[in-house]
Amino acid sequence: MSFFRCLAPIVVVLCLSLFTGSEGVRIKNLSVPGAVASNSNTPIILDCDYDLEEGLDNEGLVVKWYFNDYPNPIYQWIVGRKPTALGVFKKSVTKDFKINEDPMKMYRAVKIETPSKELSGTYRCDVSSSDNEATEAKMMIIYTPAKSLELNHNVEGELLTLDCLGTGVFPEPNITITTNERLKNLPNLPIEIERMSKEGSYDIEAKLKLDVKDLPEQITFNCILNIPDTNYTLQKSTSVYPRPSPKTSTVSPRDLRATARSTYEEDAVPNHYDPDLFFIHEDGSSGSWRTLAGLFTILMSLVTISL
C-alpha cells in the first residue's frame, strides 16, 4: 500500500499535465537572446510564440512579461486592446510594436530599443486564457565589454612578477594567467585575483609571482578575461626573457685599428731617434735620411733628361 501511496501524486501530476497540454494555450517557442553587448546599438526582440486550441474562447487571452522577481508585469497585452509597458520598461520598450498581423498574436512580443546593463536578468512570459495558463522563462545578459586589459611584467633579481588588470566590465568577469609551457615545479600557477566593484561595473586584477630558476630562457604568458554565460573573451599576451643568454661583444675592424693605434702611441718612446734613419738640424728639428735620398734620386733623373 505504501508503494501506491507514493505513486498516487505522480499519477495525478501526469494526468494534469496531459489535460493542460491538450487544451487551451501552449507556448511553443520563447525567444530571448542569451547575451547582448550594451554598446551594440541594436534593438532586442523578446518573442513569446504560442498555440491556441481550436474552438477556444479567446476573448480572455492575456500575454504578460515579467522581469526577475518583480511581482508586477513589465508588459501586458489583453487581446482586443492596446499593449501597455509598465515600470522601468516604459522608456525602453517600443510602443505598439507588432510581431505580425495575426489579431490573436500581433502584440505578443517586446522590442527593447536600447539595451542597457540594467535590463540584464530573467524574463518570463505568461500566456493565459479562460481555460488555462502557460509560462516559460529565460535569462538574458546585457554585458559591458572591458574598457581596457593590460598585461605587464617585471624581473627583479630572481623574481618574475606579472600583473594583468581589466577595467569597466559588467557583469562580474573571470580572469586568469596561463602559459603554453609545462613547468615541472609548478603544475598550478599561484595566481592571486582581486575584484573591485565601482559605479555599476567591475575591475579585476590577476597577479602572478614566479622564481626565475623555475622558468626557461624565454616563455609566453597569456592573460584571459571572460564574462560567464556569454561568448565574450578578451586576451593579451607577452613574451618574457627571465634568464637572458650572456651577451657577446662585437668589435668592428675600425675599432680594432683605433685600439691598435692607441696602443702603439702609448708604447712609443718620445724624442728618441734612430741615427741610421734620422738626422738633427741645427735648429733642433729632425729629418729623415730616406726622404733626402729620394729627393736626390729625383734631381739626378731631371739632370739626365736635360742632357
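Values in this document were obtained by computation on a predicted structure and should not be read as measured data.

## Focus on the pairing of strand β15 (residues 219-226)
Thinking step 1. Direction of pairing for strand β12 (residues 174-179) relative to β15: antiparallel, over a ladder of 6 bridges. The residue of β15 that forms the bridge with Ile175 is Leu225.
Thinking step 2. Relative to strand β16 (residues 233-240), β15 runs antiparallel, the two sharing 8 bridges. Residue pairing for β16: Ile224 is matched across the bridge by Gln235.

## A closer look at the nonpolar core
Thinking step 1. Ranked by size, the top nonpolar core spans 31 residues in total, and within it Leu46, Trp65, Ile112, Tyr123, Val127 and Met140 carry the most contacts.
Thinking step 2. At 4 residues, the largest contribution of residues to this core is made by strand β3 (residues 44-52).
Thinking step 3. Leave out the neighbours within four places in its chain, and Met140 touches Val32, Pro33, Gly34, Val36, Ile44, Leu46, Ile112, Leu119, Ser120, Gly121 and Tyr123.
Thinking step 4. Core analysis: the next-biggest nonpolar cluster, separate from the first, contains 25 residues, Ala146, Leu151, Ile175 and Ala206 among them.

## Overview of the confidence of the model for the protein chain
Thinking step 1. Looking at the protein chain, pLDDT values average 77 and 68% of them are 70 or higher.
Thinking step 2. Below pLDDT 50 for its whole length, residues 1-22 participates in 2 contacts with residues either more than four positions away or in separate chains.
Thinking step 3. Throughout residues 255-280 the model reports pLDDT below 50, and contacts reaching past four residues in sequence, or to other chains, amount to 21 contacts.

## What about the environment of Ile99?
Thinking step 1. Tracing the sequence through the fold places Ile99 in the loop between β6 (84-85) and β7 (110-112).
Thinking step 2. Spatially, the C-alpha atom of Ile99 lies 10.0 Å from that of Leu46, the residues being 53 residues apart in sequence.
Thinking step 3. Ignoring any residue separated from it by four or fewer positions in sequence, one finds Ile99 in contact with Ile45, Asp47, Lys105, Met106, Arg108 and Ala109.

## Overview of the pairing of β3
Thinking step 1. With 6 bridges joining them, strand β1 (residues 25-31) and β3 adopt antiparallel strand pairing. Along β3, the bridge assignment pairs Ile27 with Tyr50.
Thinking step 2. Taken together, the 3 bridges between β3 and β7 define a ladder with antiparallel strand orientation. Bridged to Ile45 within β7 is Lys111.

## Focus on the sheet that holds β15
Thinking step 1. Within the open sheet, the 3 strands sit side by side as β12-β15-β16. Their pairing is antiparallel. Across the chains shown, the open sheet's two edge strands, defined by having one partner strand only, are β12 and β16. When strand polarity is set aside, the average angle formed by the axes of neighbouring strands in this sheet is 15 degrees.

## Overview of the state of the cysteines
Thinking step 1. Going through the model one piece at a time under the given rule, you end up with 2 disulfides.
Thinking step 2. For Cys48, the disulfide goes to Cys125, at an S-S distance of 2.0 Å. Disulfide Cys48-Cys125: the torsion about the S-S bond is -90 degrees, which places it as left-handed. A residue pair is termed long-range when its members are at least 10 positions apart, and Cys48 in strand β3 and Cys125 in strand β8 (residues 121-128) qualify at 77 residues.
Thinking step 3. Residue Cys48 is classed as buried on the basis of its relative accessible area, which comes to 0%.
Thinking step 4. Put simply, Cys164 and Cys223 are joined by a disulfide, and their sulfur atoms are 1.8 Å apart. Disulfide Cys164-Cys223: torsion about the S-S bond near -85 degrees, hence left-handed. With Cys164 in strand β11 (residues 159-169) and Cys223 in strand β15, the pair connects residues that are 59 residues apart, well separated along the chain.
Thinking step 5. Assessed through its relative accessible area of 0%, Cys164 is described here as buried.
Thinking step 6. The exposure class assigned to Cys223 is buried, which follows from its relative accessible area of 0%.
Thinking step 7. Counting only the cysteines that form disulfides, in the order they appear in the protein chain, gives the pairing 1-2, 3-4.

The rules behind each value
Residues numbered from 1 in each chain as written. Predicted model: local features only at pLDDT ≥ 70, side-chain atom pairs only at ≥ 80, totals over all residues. Heavy atoms only, no water. Pairing = 2+ DSSP bridges. Helix = DSSP H or I, 4+ residues; strand = E, 2+ residues; numbered from the N terminus. Core = buried A, V, L, I, M, F, W, Y, C linked by side-chain atoms within 4.5 Å. Buried < 20%, exposed > 50% of the residue type's maximum accessible area, 1.4 Å probe, protein only. Contact = heavy atoms within 4.5 Å. pLDDT = per-residue confidence, 0-100. Axes fitted to C-alpha atoms, helices over the stretch in contact; angles between N-to-C directions. Disulfide = S-S within 2.5 Å.

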